[in-house]
Structures are given as structure tokens and as C-alpha cells.
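# What the coordinates show
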Amino acid sequence: MAVAKQKSMGKALQAFPHSYRWDGLSIATILVAALVALPIVTLIVVAFSGNTENLVRLGSTILPRATATTLILLAGLAVLTGFVGALSAWLVTFFEFPGRRIFSWALVLPLAVPTYISAYAFVEFFGFTGPLQTLVRTLFGFTSARDYWFPEIRNLGGAVLVLSLVLYPYVYLSVRALFFLQGRRAIEAGEVLGASHSRILTKILLPLARPALALGIILALMEAINDIGAIEYLGVQTLTFSIFSVWVNQNDIAGSAQIALVLLVLVFGLILGERFARRGQRYSEVGGGSTTGPFKRYDLTGAGKWGAFIGCTLPVALGFGVPFFVLGFYAQRYLTRGFDEKLISAIFTSVGLAGIAALITVLVALLLSYTVRVKGTKPINALVRFASIGYAMPGTIIALGIFLPLARFDNIVDGYMRDWLGISTGLLITGSGATLVYAYVVRFMVIAEGSIDGGFKKISTSLDMAAYCYGKGRLQTLREILLPLMRPAIATAALLVFIDSLKELSATLMLRPFGIETLAIYVHDLASRGRIEQASVASLIIMLVGVIPVIVLTRTTLRDH
Amino acid sequence: MSKISYLSATLVCLAGFFGIVAPANAQSGDVNIYSYRQPELIAPLLDTFTAETGINTRVLNLSDGILERMQAEGRNSPADVILTVDIGRLVGIKDGGITQAVESSLIDGNIPSQYRDKEGHWFGLTTRGRVVYAARDRVEQNDITYAELADPKWEGRICTRSGQHAYNIALFASIIAHEGEAAAETWLSGVKNNLARKPTGNDRAQAQAIFSGECDLALGNTYYVGLMRTNEENPEQKEWEKSIKVLFPDTLGRGTHVNLSGMAMAKYAPNRENALALMEFLSSAKAQEIYAEQVFEYPVKPGSKPSALVQSFGTIKPDDLDLETIAHFRAAASQLVDKVGFND
């Protein structure tokens, strides 16, 4: 079995001579983690600066309902993203059927669709004026929406569907990577024992994939929690919605920070609960490299073949195809009018910011995860977990937590410079795009951290021990032995952060200085002007720019043998 | 990779980083605007301003958090003026201490005193009515009151955007101001019971819902009707507009609820002279006419007329409730929306 309880090995590593020293690695980690955690700390301070009057009153009015709505949304998402993500990963990893090679990367495509665009596209597609209802009316001669029943997208069920269809790739990617590395041995063991495919899946593969499944689902849930654009558009009253009404309409920023923290506690509970449930288990390969020789897939025939084909087509067609179709329809009406200069500069700005953010986030995640690996001391571990929680906060709220301390820093520096040198440095950081990079690093750290931490966990710590025995230092071990093995995990982390930064709207909207317009901002501006055609062109570009790394990544690092 | 290639890769990254980050610093000689207003609605005005004065404008469109942002930016804030809608927000930015008083006999002459802050911290540029859109072919009456929206005869026939949207909050606040909180709660529950669907979409989406037959009455702002009727970009909106007629509520009683769009000078405006020039321009007859003709809002300058299109709806009788009173009841209105579960 590939699942090994390596508690003793972990202990041995922790007892390694230089583990508990306050060295450069610990100090760097603590500093970096503190920087990543700064916005959350700021929001905690903000939350405690006000009274709890609003929280108490909301507790007797909207909070119970909003909490219930949020929990139902999360439960629905967990089931649907888990089901779609794990099923499609299982199919493309272990079976041969028509289009399998294309599906192996196409299943990631919906990730490139921002939730706010997906929500818009679904309402257009399934709405009264959309192609489906128009067809129904033409076929049956209806004239009014009251003449017939049609499923409504703008409700809780619709939100579960729309969000699941763009968030399941988180599950797909992490589960597939695990199946790919470790699944074959497990499946062979099951075969030797004479188990059927479905029994191997439920009894061996899913338990094996549990950490990966949990990671993917938790990322999807956190993204759903921080979403406001799609949720508001679909008319679902989650806790996130209450955060905004308390802030914007009741002028109570402390009250809204309190609700945001309640939400955070909910997420922490989820993560801790999952971790507690599989405490003490380590999921690393015992015997080193596993993928030598050809990867055998089972040929599907008849109903199974076409079932697999449809099972993989549906998520791609709905998650990527529907938005692509709707936006493409509007975009082609605009394309004849030529290209906008601002669009070109927005592409460069977006790609540049997202690229820098991906690079920094991956470096920071490597530092944090590696320190946890070689040190594993509880305080550092806890700090790293805490630092990466910003993803579960609504973008606008975390943006506040970022802006307040940075602007204070800018003003303090400016004050000193004015006093001592008589010059004003102005808003050094908050007046520049650096704030946006910082925001993306804070928001998407958990994504990179999850992927890279998962990558480290798959490499047995006995490799480190062996390297130390040969007199290699920690950094040398990292660079020469671990990093080459980690390439798929690093590439996945960079890809996810890049795409997410490219799509990011709410924090960007609030934090950008004069003169910096990203693609997402460009789309937002045009959409709020009702220039849907022009906005569609830019939305398509966001999707396509996100698609390129998906294809490159799956063709190089995750390439099938 | 060799050390040299690592080094050069780092240098390229750094160069790219500063290439993206650098152009952001504030320039002087322009007017820097923090705006909650839709870019489309202010673009024709700013273009005319630049053509007349040679002063360039730079707009940062924000959707939330101008107050918190400017408080944090302090004396280094690049913002010169704030453009916003909703009386609650105008009062809020003054109370938040991010504005400064402006003395201008030109502005005082152009803007009636009920649309100006008593200490000169903000002033209104336009008003808009919160009216009822009614299905042309399914609603016969041509008069309505806000109170009537709670009448069970409209059960399952009313649509509106989110109860927590600023436009609805201001309307509900005016009801609280007029009738007290208890009566407002009864009224709001009544309206909720008449909703055809959960509050969703913007004001235009409500017109679309009347067009599609989902509802017969909707709450909406006056200018959207003009924007839909003249929308060449999305001609389908012309069809939506054709399916509705505008009813001014309470014409025989206290009048129709109106809200303001307005502006204020930032407390630490770095380009004060230019900012004042922009403020005076936007209060002028020329700018007020652009507001009326292109954006379909009601100009506030005495003597400036609404567009012919807007006049065709009929004459608005504005509720003359003190605007700051409405701002005062804003939080109460928002809490009431939660209490009756209006959005659920």
C-alpha cells in the first residue's frame, strides 16, 4: 500500500540536530508569514475597534438565514465539485476512451472563467431572452414568461451549479496529480485482490486521494466564500452579502469585519476538522519513484466508453463552452469595429502583474512549506496556516486590511522624509501597482501553498535524510534534490496563482492607483456602461490568456507517459 | 541554470516590475477624481470641461471604500474631488472628514440651497426620481402611491433590485422619516409579499422583467428610461423601454422620492484651483444641460430644463423632505430590510 504512516520518520527528521535553532530560515519564514498575515491582523484590530451592537442585532435577524444559505451553498459546492472533479480525474487517468487526451487538459479550462463572467453568461444563456427560452417559445408559440415554466438560474441552486462548474478544476487538478503519481500501484494491488473498478475507486483510490480531494474542495469553497460579484448577480443572500450591507449601508466597518471573521472561523473549522479526521497519516510514497514503464489504461467499450465521454464533455461544455459561446456571440458583433488601445495596455498590465504575483507567491510558498518540512515546529506551522487564510475573505474586505497598514507606512515614511529632508515621498507603495502584487500574493497564497505543500508531502523525508548524510546542506538539498522532483507541483501552483490574479476584480477595483487598469477592471468598466460587446472581447481575452498556460502546463509537466 | 542566467532573469523581472508599477504616481496640473458614478454618465461632461479649460481629468472608478481609502491616504491622497450618488454617501464623506468646505459665489448662485451642505462641504448636481415602471399593456391606472405597493392586489406582480441597494435604502429611509419605523415595517413587509421574484439585477433588469412578463410593476430611477430608449449599443433595451410606462408616485400627496448626485472637494486636494474650476463648471448651465440631455437626470440649476424625453413622462413633484433627514434614517432602513427579510 502506498499510504504509509510515517510518524516515526517524521519524528526522526524533527530531531535532526539543527532543527530547533533560530537560524536564517526560521527568521525569514516568520517575517514573510507575518507580512502575509498582516491584512488579517489588521481586520481583527478593526473588528475589535467597534462595538458588537450590529452583530448582536443581525444575530436576531439576518445572520441565521444568511449562515444557513452560506452553509447550503458550501455543502452543495463540496458535493458537486468533489463529484465532478474526482470522477473526471478518475476517468482520464485510468481509462481509454474517445477524446481522453484532449479532456485531460480541457477539463481545466473552466478555471480560466471568472465567476462573475460565468454568472452573467449563465443568466444570459438560460434567461428569458437567451437561446434556450427563445427556442422554447418559438416551438410552442408562447409569448410571456408566465405561459411556461423554466428553471431559474438566479437562486441558490443556480449559484451552486454556476460556481461548481468553474471551481471543480481545483479538485480535478489536485486529485488527478495524486492519481497519476500513486494511483497505478494502488490499482494494481486492488486488481491482484480481484476487486472491480468501482470497488477499487471507492475502497482504495478515494481514501488515498482524500488529502487531495479535501484540498481541492476547500479551495473551491474558499473561492465561493470570497465571491461577491456572482453571488450578488444571482441574488443569493450569503454572509458575504451581509458583510457589504453592514459596511456600505450601515456605515459600520467594524461590524462587517466581525462578520468576516465569523466566516473565517467557519473556514478554519472546516480545515481543522478535515485535518483532524486524518491526523497522524502521512501520504507519501514508500519506495521512491513509481512511474516507470508504460502507464496502462483500461479500454472502455460500449456504454462505458460513451458514458465516460459524456461525463467529461458536460463539465467542459457547461463550465467553459457556455460562457465562451455567450461572450463570443457578443464579441463578434464588436470585432468589426477595430481594437481599442486601452485593451492592449490592459493586457500587458494584467499579464505583468499576474506573472510577478505568481513568481513571488510561489517563492514565498516554497519558503513557508520547506520550513514546515524541515522544522515542523508548531508555532511556525500555525503561523503559516494562519498567513494563508486571506483567500476565504471577500476581496474588498481583505483589500481594506491591505490598504490601511500600507497607507500608514507610506504616510510615516513621508512624514520622516518631510521632517528630515524636506521632500515628500507621497504614497510610495499604495500609490503604485506594488499594492496589487501584495494583494494577489496574500489572496492566493493558500492556493500555491496547498499545491507545493502537497508536492513536498509526496516526497518521502527519507530523501532529505539521505542527502544530509551525504553532507548536503538544507538549501543544497532543496535545490538539487527536492526542487527537480517538485516541478509539477511548482508549475501547478504558478499556473493557478497566475490565472486567479488575472481574474481578480474586487481587490483590484479597490486598491489600484491612478493609471493602472487591468483586464478585469476594463471588463468591469465596460459592463457597467452597458457596453456588453466590448466587455465580451476583453472577457474572452482573460479566458484565452488563462488557457495558454493551462495547455502549456498539461503538455509539459503533467504529460502522460 | 548558471548564476549569470539567474541574475539576468532577476534583472528582467525587476525591470518589468517597475515598468508596470512606475507610471502610477500622481501628476499635478490635472484634476484627479475618485468616482462612484458610472463612467459613461460623466464622460461627456468631463470631455467638455477639458475642451473648454484645457485641464485634463483623471478618473478612478471605485465601487466601495472611497471613505476608508481616503482616510488612510491622509494628506498624501491624490484625489481632488469626489463624485458620487446618493445623499447618504454625500453626508457620509463629510462626516468621515475627507472633504473641505468650498466657498464659491458661482456655485452658490447655481445650486439651490436645499441641494447644498450648510457648511459648503458638498453640493448636488442632479436629482433623479425613484418612480414606478408599469407594464404598458397590463396596468391600466396612471397614478400610484408608494403605500399602494403594499396593497395585496399587486401580489406576485412587483419586481425590484436588492433592498440593500442605495437607491432603495434612500426610498425606504424617506418612508421611515414620513411615517415612522413601525408603519414603514408594515409597509415593507407588504411590498415583500407582493414581489414576483427575489430582488435581483439592476433597475434596467426590472424593465426587462416587465418586458418578459415576469412582473407588472417595478421600482426604478427616472434616467434609466431615457438611457434605455436611446441605447444604440444594445437595441434590445429599446424594446424593454417600450413595454413600460413611468408612474410618478404620490403626485397628489407628499410627492415622489428624489435622490441626489453630487460632488465634494477632497480635504487635501493637491490641485485645488483645477478642482474648483471643475466644480464650478459642473454647476454651470452648460454642464447642467448635458446632464439633462445626455444622462436624462433632472438638473438642479434653476432655469435648466429636463430633456424633452424626460418631460414626456409627465411633471415630477419632488418630495420636499429634507435630504439630510433621509441620510439620517439610512442605517435604520438597511436594518429594516434585514428584519423583514426583504431580499430572501
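Cut-offs and rules
Residues numbered from 1 in each chain as written. Chains lettered and ligands numbered in written order. Predicted model: local features only at pLDDT ≥ 70, side-chain atom pairs only at ≥ 80, totals over all residues. Heavy atoms only, no water. Helix = DSSP H or I, 4+ residues; strand = E, 2+ residues; numbered from the N terminus. Rg over C-alpha atoms; globule rule 2.2 N^0.38 Å. Contact = heavy atoms within 4.5 Å. Areas by Shrake-Rupley, 256 points an atom, 1.4 Å probe, with all protein chains shown as cover. Domains from an automatic or database assignment. Salt bridge = Lys/Arg side-chain N within 4 Å of Asp/Glu carboxyl O. Polar contact = N/O pair within 3.5 Å; in protein donor to acceptor, adjacent residues only side chain to side chain. Nonpolar A, V, L, I, M, F, W, Y, C, P; charged D, E, K, R; others polar. Buried area = accessible area lost by both parts, 1.4 Å probe. 1 Å grid on protein atoms, 1.4 Å probe; cavity = no way out; pocket = protein on both sides within 12 Å on 5 of 7 lines; lining within 4 Å. Points joined across faces, edges and corners; volume = space filled by probe spheres on them. Disulfide = S-S within 2.5 Å. Expected span 1.5 Å × (residues − 1). Buried < 20%, exposed > 50% of the residue type's maximum accessible area, 1.4 Å probe, protein only. Pairing = 2+ DSSP bridges. Right-handed = clockwise from strand over helix to strand, strands pointing away. Axes fitted to C-alpha atoms, helices over the stretch in contact; angles between N-to-C directions. Parallel < 35°, antiparallel > 145°, perpendicular 65-115°, else oblique. Left-handed = near helix turned anticlockwise from the far one by under 90°. Patch = residues over 30% accessible without salt bridge, like charges linked within 9 Å, V, L, I, M, F, W, Y side chains within 5 Å. Phe/Tyr/Trp six-rings, centres within 6.5 Å; stacked < 30°, edge-to-face > 60°.

Below, the discussion takes up the overall build of chain B. Secondary structure summary: chain B contains 15 helices and ten strands in total. The C-alpha radius of gyration computed for chain B amounts to 23 Å, which stays within 12% of the reference 20 Å derived for 344 residues, consistent with globular compactness. Here the analysis covers contacts within chain B between residues at least 6 apart in sequence; of these, 79% occur between residues at least 24 apart. Within the structure as shown, chain B displays about 13,100 Å² of accessible surface, and the carbon and sulfur contribution to it stands at 52%.

Our focus in this paragraph is the domain arrangement of chain A. Residues and elements named next belong to chain A. Split into domains, chain A comes out as domain 1 (1-47 + 333-561) and domain 2 (50-282 + 299-323). Placing the centre of domain 1 and that of domain 2 at their C-alpha centroids yields a distance of 23 Å. Facing the 52 residues of domain 1 at the interface are 50 residues of domain 2. Across the contact surface, domain 1 and domain 2 share zero salt bridges. For the pair domain 1 and domain 2, the interface holds eight residue pairs in polar contact (both at pLDDT 80 or more). Those elements that provide at least two residues to the side of domain 1 that touches domain 2 are α1 (7-14), α2 (24-49), α16 (378-387), α17 (395-421), α18 (434-458), α21 (487-503) and α24 (532-556). Class assignment for the residues of the side of domain 1 that touches domain 2 results in 30 nonpolar, 13 polar and nine charged.

This next bit is on the interface of chain B and chain A. Where the parts come together, the accessible area they lose is often given as the size of the interface. Counting residues at the interface gives 60 residues for chain B, matched by 64 residues for chain A. Summing both partners gives a buried area of about 5,200 Å² for chain B against chain A, and 51% of it is carried by carbon and sulfur. Linking chain B to chain A there are three salt bridges. At the level of elements, α1 (3-21), β1 (31-35), α2 (39-53), β2 (57-61), α3 (66-73), α8 (203-212) and α15 (330-339) of chain B are the ones that each hand at least two residues to the side of chain B that touches chain A.

With that settled, the discussion passes to empty space enclosed by the protein. Under the definition given, this model contains five cavities of 30 Å³ or more. Its boundaries defined by the atoms lining it, the largest cavity holds a volume of some 190 Å³. Lining the largest cavity are 13 residues; nearest its centre among them are Val248 and Asn251 of chain A together with Tyr36, Leu67 and Arg89 of chain B. Secondary-structure elements contributing two or more residues to the lining of the largest cavity are α12 (239-248) of chain A together with α3 and α4 (87-95) of chain B. Top element by residues in the lining of the largest cavity is α4 of chain B. It accounts for four residues. In terms of residue class, the lining of the largest cavity is made up of five nonpolar, four polar and four charged. Around the second largest cavity sit Thr70, Leu73, Leu74, Ala224, Ile225, Ile231, Thr238 and Thr240 of chain A, which together line it. Looking at the lining of the second largest cavity, the element that brings in the most residues is helix α4 (residues 63-94) of chain A, giving three residues. Grouping the constituent residues of the lining of the second largest cavity by class yields five nonpolar, three polar and no charged.

Residues and elements named next belong to chain B. Going through the model one piece at a time under the given rule, you end up with one disulfide over all chains. Each sulfur of the disulfide joining Cys159 and Cys215 lies 2.2 Å from the other. Between Cys159 and Cys215 the disulfide shows an S-S torsion of about -105°. By sign, it is left-handed. Here the residue Cys159 occupies a position in strand β6 (residues 158-159), and Cys215 occupies one in the loop between α8 and β7 (217-221), the gap between them amounting to 56 residues.

This part is about helix α15 (residues 341-374) of chain A. The end-to-end C-alpha distance of α15 of chain A, which contains 34 residues, comes to 50 Å, matching closely the 50 Å that a straight helix rising 1.5 Å per residue would cover. One or two steps after α15 of chain A, the chain reaches Gly376 of chain A, where phi turns positive at roughly 60°.

In this section: the pairing of β1 of chain B. Residues and elements named next belong to chain B. Where burial is concerned, most of β1 is hidden: five out of the five residues are buried. As paired strands, β1 and β2 are joined by five bridges and run parallel to one another. By the bridge assignment, Asn32 is partnered in β2 with Arg58. For the crossover that starts at β1, traverses α2 and ends in the parallel β2, the hand is right-handed.

Let us look at the packing of α15 of chain A against α18 of chain A. Residues and elements named next belong to chain A. Two elements in contact, α15 and α18, have axes separated by 7 Å at closest approach and are oriented at 45°. Looking at the two axes, α15 sits oblique to α18. Note that α15 runs across α18; the crossing there is right-handed. Looking at the contact of α15 with α18, its residues break down into 19 nonpolar, two polar and four charged.

Now for the environment of Ala308 of chain B. Relative to the elements of secondary structure, Ala308 of chain B occurs in helix α13 (residues 308-311). C-alpha separation for the pair Ala308 of chain B and Phe296 of chain B, spaced twelve residues apart in sequence, amounts to 9.3 Å.

Residue and element names in this part refer to chain A. Look at α2 against α15: their axes get within 10 Å of each other, and the N-to-C directions meet at 130°. When the axis of α2 is compared with that of α15, the two are oblique. Helix-helix and strand crossings are classified by hand; for α2 and α15 the assignment is left-handed. Contact residues: α2 offers Leu25, Ala28, Thr29, Val32, Ala33 and Val36, while α15 offers Val364, Leu367, Leu368, Tyr370, Thr371 and Val374. Class assignment of the residues belonging to the contact of α2 with α15 gives a composition of ten nonpolar, two polar and no charged.

All names here are of chain A. Judged by side-chain polarity, Ile412, Tyr416, Trp420, Leu421 and Ile423 come together as a nonpolar surface patch covering roughly 600 Å² of accessible area. Relative to the assigned elements, Trp420 resides in helix α17. Owing to a relative accessible area of 66%, Trp420 belongs among the exposed residues under this scheme.

Attention now goes to the packing of aromatic side chains. Residue and element names in this part refer to chain A. In total, this model carries 25 aromatic pairs over all chains according to the counting rule given. A centroid spacing of 5.6 Å and a plane angle of 20° characterise the contact between Phe320 and Phe324, whose relative ring orientation is stacked. With Phe320 and Phe324 both in helix α14 (residues 302-334) and four residues apart, this pair spans about one turn of that helix. Residue Phe320 is classed as buried on the basis of its relative accessible area of 11%. On the numbers, 5.2 Å between centres and 40° between planes, the contact of Tyr416 with Trp420 is tilted. Taken together, the residues Tyr416 and Trp420, both in helix α17 and four residues apart, mark about one turn of the helix. The partly exposed category is assigned to Tyr416, whose relative accessible area is 45%. One aromatic cluster is present, built from ring pairs that chain together Phe97, Phe103, Trp306 and Phe309.

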